[in-house]
Structures are given as structure tokens and as C-alpha cells.
Amino acid sequence: MFSFRLTFFVHCYNICIILYCHLFVPPVRSFDGPAGKMTNEKMRIGTATRNLDEYKVNCLHQFTKKELNVYAVAQWNYRVNKTEVTENEALKSSIQLFIYQKLLLTSAENMSVALNMNYEDLLPLVYFMHDRGICQLNLDEYKTTIMLKRQLITTINELAVCEYRKTNHLCDIKADEINVIMIKSSDAAELKYYWKAWHNHTSFAVKNIYMKYVEMLNYVAQLNNFPNEIDYYMEPYLYNQGQLNIDQMYEGIRPLYLHVYTHVRKILREKFGTATVSANGPIPVHLLGSVLGQPWTKLIPFILQELVLHENSRKNSKTPKRLFDQANRFFVSIGMGCVPKRVWSHSVFIENKNFSNIVPLSWDMYANNDYRIIMDFQDTVENVYTMHKQLVLVHYFAAYKRQPIAYQQTSDPAFVYGLINALTLSVRYQDFIGRYNDSASSRHVYLLRLAMEKVTVLPFAYAADVWQSDTSTRFFAPKRMNNLWWSKRLKYEGVVSPISKDMDKSTNPNYKPFDPSMAYAEVIELPHIKDFLGPIIEFQVFKALCTICGEYKSKHAKTKHLYECNLRGYKKVGKIIKSVMSRGSSTKWQFLFETIVGHQRIEIEPLLEYFQPLHNHLVKINNKTNENIGWT
């Protein structure tokens, strides 16, 4: 521990000396009369970038870039090869980056005096951490926050339970394996066993850590003059001095969701029987393909069995390199160019047991156009989409490199989600109909498949956001958190817990459930409303791009549907997207959104327009079998 602290002290001391020499002491200049003098008036002209001497800005940029590279390399090494050593290095790099950011903020105050500049003008050039509010913490508080976050992830992801009906065997079924089992199993009793095993193992431990984590988030919010963490994390979504009308958006999407929900419930009822799934009641959450019951795409392998069989029997399957090149050709066709060649050689596309997490990610390493992708490749429709999505992010990283280092980040998560997914929607449809016969039936299957990803998540995200908002109040009793979780999921999503709390209490008096623990993102990633807005923004951006290219006109929607729009080959698309990406985080997302759409209003109509053919189809087939729409 002493060695660790000494290393950080020496590191920070050296940075202080270097920063002082390069930023405070002006370089030697030749004097050539009055024209060579820098007056105070000239110092005040223009933006912060113009105010600072280019030499000093470049030094600041290079030092920060080096720190970000050290951090990125450590995080990458941990992600692709989880060991005790790489985990400790990743943690150390997070702390080191935090210390460096704090040091820059202190230096900025000194620089503003030395250079006779406004501190507020200088601040954006040194504030590179995405969550600026976290910098209000001291080092010990920051360490506590990241350790709590890591404990939450570890406690949830390292769960191990016994195999069903094999209690004499080792309990070594891991979290990701449980979800695989729950996708494949058609035994309701087995599904309930694994759901309950996860539930009982994680609930108490996660709840205790979560309460401490929320306490720290509330503390961060208060340091930044917000009453609680919900108001703090919702701030990017407030504009025009008012909050988005999320309630109205949810009500507008609800009719489409109810028909998708009713159709899926009918299929589940046919599979598991009326004793497990009633004709008009809510769906038991453990039947939806995972312990969380989200996303519903996990149900696709058995709901669309014919397509899966066809897909598995295909010849000439794509390799990771072929799919990578295919994605590259699409971006070249719309004028975004090729990604650097080293992206392929530095990326990892084959999963191994040492991965710390199998979620696909793209990385900006902040060094010499070094961008990387980590992804467990499978030749599926979803992976075609995922590969394109990861390459869009690489283009995003390359586009913002001309910005000052503090702005070399993607914009708001909800907007970035919408932008990236919108750009690849047409690729997804074209690839789908290229794999299967283009018919009315296959188009309905495509839309249903997509709706089970984009539409069914909206009520869940809405319910999670309402739950989080209600539980963040000072007067909310923690013992009510779980009851509130299920009441909101029932009200908005139509799902219920498969076990009775009263029944469990009769066998275990200390039973303290905390079911949101079934996905760490639900207790860590705030605010949940970004998961609600992301898909809505996606279809709004997609429609705008299709309209700009002349590929779609609302008045001709009956002859050419929005989902048929193909952006391939339109250079206009690349020009617009690159201009937006090149801003990095220097511009508020609402203005970037306006650049594409023409206004700042978030609207649900493009999403409803996209799925209108599916909605019409589901209304017919649900009415044909006299299904009860929704749940009671």
C-alpha cells in the first residue's frame, strides 16, 4: 500500500512540474516590435482555444492523451483477459486518471490567473471526464464509489448455482450459462428453479451494496447542487426549461406494445399451457428467456423456429473478416470512408473464458488512430447488425479527433444509441431479406423480430425509471423497494414474479428480496430514461435520413414502407453523420439532433410509422383468435 501511494505521489509531482513548465512558463519568442506584443485585449478575443497559446494547448492535449491511453490500455487488458493482475491494473488506472483530472482542475485555476483569462472559458479544455460531477469527490470518496460499482457487478456476474435436479453436483452454473439454459428449456419448473436460485443468491448481498452505492450517488448529486441522483442524471434531458413528456410518449406507444405482448403471450401459452400462462393475465417473467425477462429477443429461437432452422442450414456462412469487410463497404458507400487497417488486427472477435464481459464494445485507445473492437462473433442476423454498429463507433472516434482532448468523446448515450442504430437499420433489413425469401410473411417476421427488441424494451425502461425515481426520495422505505419494482413492472410491462413472497417468507423468515439485482445495469446505469429515449430517437433519425435521400415519403407510405428504406450509396448520409460526429461532446446533443431532424422535438410517430404494417397484421391475427388484448 505504501509503495502504491508513493508511486501516485511521484506520478502527480512529476505531472505538476511538467504542466507548470509547459503551461505557465511561456516559450522563448523573438521580439519584432509592437506587433509582437500580446496585449490583454487580444487575450480576451475568441474562444478558450484561441485565448490559449497554441503551444500550451498542444502540451495539455498531449499529456491528457497519454493519461487516457494508459487508462484505455489497462481497461482493454482487463476486458480481454480477466486476471487478478489485470483487474488491479484496471482499478489503479481508474484512480490514476481521476487524480490527473483533479490535478488539471487545480492547475486550471492557476492558469486562469497566470494568463489573465476567465476560468469558465478555460475549464472546458481541461474537463475531460464524461461525468464531471464525480470530480467533486475527494480521492477516498471516488475509490469508494468505483469499488461499490465493481462489487455490484462482481456479486451479480459471479453467481453460481446447482444444476436443476442435480443437487449432489458442484454448484458451478454461472450467470451467463443460466440465461442460455433459460432460452433453451421448455420445462416451466426448470425455468422457475433457475430464476429462484438466482433470486435467492443475489438478493440480500446486492441490496446492501446497492443502498451504499445510491447513497454515494446522492452525495455526488448534492455536491453538484442537485437534491438527488435522479435529478442529477436527468439534467441532460431537460431543455426548453421543461421535462420531456415521457408519460405521453409511453401512452402513444402502448397500443402497439399491447398487440406485440398479446401475440407473444399466446405463443407462450401454447408452449407452456394455460396452467402456467393464462389467456388474459400477466406473463410470468421467468418464461421470457432470462432471469430479468429482458430483452425479449432471447425468445426468438423458439418463437421463430423455422427461420432459425433455415439460418443454421445456410451455406457460405460469413467469417468475422467477411462481415467486417461487408460493414466497411457500407460505410464507404455512404461517404464515410474506411476505418484504419489496424482496427482489424488489434480487435478480438472470438470469445474466450477469460473475457471479463462478453458485451460487444468499441474502444478509442487515444494513440495513433488505435481503435479496437471486442465481440463474440456468431454468424447470425444480430451479429451483422452488431458489427455495423461497432464500426459506426470507430468512425465516431475518428471523426472527433480534431476536437480538443476534452471533447474527444461521444455525445449523450441516448442520442448516440439512436444515431448509431438508425444508421444501420437499413443494413439490417437488407441483410434479412437477403437471407430469406422476400415475401409478406418474411417481412412480418422481420418486423416482429425487431419489435421484440425495440418496442418491448420501452415499457420496461419506463417502469425502471419510475421505480428509480420513486425510490430515490428521502422518505421512501427500503423494505418497499421490491414490492414497488413488481407493481411498476406489472402496471407498465404486464409481467409478474413467478414466486410468492408470502410463500417464501413462510420457509425463510429472513427473506429480503431485491429483484432489480437480476441485471446490474438496472441498479448502476442511470438514468433509465435513456433506454426509453434511445429507440425513439433511432427511428426519428432514420426517417429524417431516408427523407433527405428521397428514399421515403410519408404520403407514399402505402406503396413503400419506411422499413424498406435503403441508405446504401447515398453520400449525403455520410456527410451529415460525419459533421455531427466531428463535434464530439463539444455540442449539446439536442443541437446535434436538430442538425439531422430539423428540430429538437422527440416524437414517437416515426417509430409507430415503421411498425405500422406489423401493428395492422397483429390486430388481425389477435382478433382472429379472440385474444384478450393486454392483461388484467
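Now for a look at the structure at hand. Not measured: the values here are computed from a predicted model.

Rules used throughout
- All chains use their own residue numbering, which begins from 1 and follows the written sequence.
- Only residues with pLDDT of 70 or above have their local features reported here, since the model is predicted, and side-chain atom pairs are shown and tallied only from 80 upward, although totals for entire chains, interfaces and linings are computed over all residues.
- To get the side-chain values, take all heavy atoms of the structure and skip hydrogens and water.
- The numbering of helices and of strands both runs from the N terminus, where a helix is a DSSP run of H or I of at least 4 residues and a strand a run of E of at least 2.
- Only the protein chains shown count as cover for residues, and all accessible areas are computed by the Shrake-Rupley method using a 1.4 Å probe.
- In this scheme, a residue with accessible area under 20% of its type's maximum is buried, one over 50% is exposed, and one in between is partly exposed, where area comes from a 1.4 Å probe on protein chains only.
- The sign given to each residue is positive for Lys and Arg and negative for Asp and Glu; His and the chain ends receive no count.
- One side-chain nitrogen of Lys or Arg within 4 Å of one carboxyl oxygen of Asp or Glu is enough to make a salt bridge.
- We call two residues in contact whenever any of their non-hydrogen atoms come within 4.5 Å of each other.
- When DSSP finds two or more bridges between two strands, those strands count as paired.
- By convention, a stacked pair of Phe, Tyr or Trp rings (six-membered ring in the case of Trp) has centres within 6.5 Å and planes under 30 degrees apart, an edge-to-face pair has planes over 60 apart, and any other such pair is tilted.
- We call a charge positioned above a ring when the Lys NZ or Arg CZ atom is no farther than 6 Å from the ring centre and deviates by at most 35 degrees from the ring normal.
- To get the bend at a given residue, fit one axis to the seven residues ending there, fit another to the seven starting there, and take the angle between those axes.
- Grouping buried Ala, Val, Leu, Ile, Met, Phe, Trp, Tyr and Cys residues that are joined through side-chain atoms within 4.5 Å yields what is termed a nonpolar core.
- Residue count minus one, scaled by 1.5 Å, sets the expected span of a helix.

1. Here's the deal with the overall build of the protein
Of the regular secondary structure elements, the protein holds 27 helices and eight strands. A total accessible area of about 29,500 Å² is found for the protein, and carbon and sulfur atoms account for 53% of it.

2. Looking at the side chain of Lys530
Summarising the element assignment, Lys530 is placed in helix α23 (residues 529-549). One buried charged residue, Lys530, remains without a salt bridge, the closest side chain of opposite sign being Asp531 at 4.0 Å. Residues contacting Lys530, with those up to four places away along its chain left out, are Tyr237, Pro413, Ala414 and Glu525.

3. Quick look at the pairing of strand β7 (residues 371-374)
Burial of β7 is two-sided: the residues Tyr371 and Ile373 facing one way and the residues Arg372 and Ile374 facing the other way are all buried. Sheet topology note: the strand β6 (residues 361-364)/β7 ladder contains four bridges and is antiparallel. Bridge pairing in β7 links Trp363 to Arg372.

4. Considering the packing of aromatic side chains
Scanning the entire structure with this criterion turns up 38 aromatic pairs. Through a chain of ring-to-ring contacts, the aromatic side chains of Tyr429, Phe432, Tyr446, Phe539, Phe542, Tyr563, Tyr610 and Phe611 assemble into a single cluster. Above the ring of Tyr78, the side-chain terminus of Arg150 is found at 5.2 Å from the ring centroid. Over the ring of Tyr385 we find Arg428, and its NZ or CZ is 4.1 Å from the ring centre.

5. Topic: helix α11 (residues 246-272)
Where α11 bends most, the angle comes to about 45°, and this point is Arg254, followed within four residues by the proline Pro255. When you tally the buried positions in α11, you get 19 out of 27 residues, the bulk of the element. Note on α11: the residue one or two positions beyond its end, Gly273, has a positive phi of about 95°.

6. Description of the pattern of salt bridges
Summed over all chains, the structure comprises 15 salt bridges. Across the salt bridge formed by Glu493 and Arg489, the nearest N and O atoms sit 2.9 Å from each other. You can see Glu493 and its partner Arg489 sitting in helix α20 (residues 481-493), four residues apart, about one turn around the helix. With relative accessibility at 2%, the residue Arg489 sits in the buried group.

7. Quick notes on the nonpolar core
Soluble globular proteins tend to pack their nonpolar side chains together in the buried interior. Ranked by size, the top nonpolar core spans 185 residues in total, and within it Phe532, Leu533, Ile596, Tyr610 and Phe611 carry the most contacts. Here the element with the most residues in this core is helix α9 (residues 188-223); it accounts for 15 residues. Those residues within four positions of Phe611 in sequence are excluded, and the remaining contacts are Leu256, Leu447, Leu450, Ala451, Lys454, Val455 and Phe539. Membership of the second largest hydrophobic core comes to seven residues, among which are Ala72, Trp76, Trp363 and Met365.

8. Structural notes on the environment of Ile173
The topology assignment puts Ile173 in strand β2 (residues 173-174). Filtering out sequence-adjacent residues up to four positions away, Ile173 remains in contact with Leu159, Ala160, Val161, Cys162, Glu163, Ile178, Ile181 and Tyr194.

9. Regarding helix α18 (residues 440-454)
Taking 1.5 Å per residue as the helical rise, α18 with its 15 residues ought to reach 21 Å, and the 21 Å between its terminal C-alpha atoms agrees with that figure. Looking at α18, one finds that the buried residues are Ser442, Arg443, Val445, Tyr446, Leu447, Leu448, Arg449, Leu450, Ala451, Met452, Glu453 and Lys454.

10. Details of unusual backbone geometry
In this model, Gln294 is joined to Pro295 through a cis peptide bond whose omega is -10°. Of note, Pro295 is situated in the loop between β5 (283-284) and α12 (300-303). Positive phi, normally seen in glycine, also occurs at Tyr366, with a value near 55°. Along the polypeptide, Tyr366 turns up in the loop between β6 and β7. Despite not being glycine, Asn368 shows a phi value in the positive range, around 50°. The residue Asn368 is located in the loop between β6 and β7 in this model. Taking the relative accessible area as the measure of exposure, Asn368 reaches 60% and is therefore exposed.

In short, the description is geometric, and any link to function would need to be established separately.
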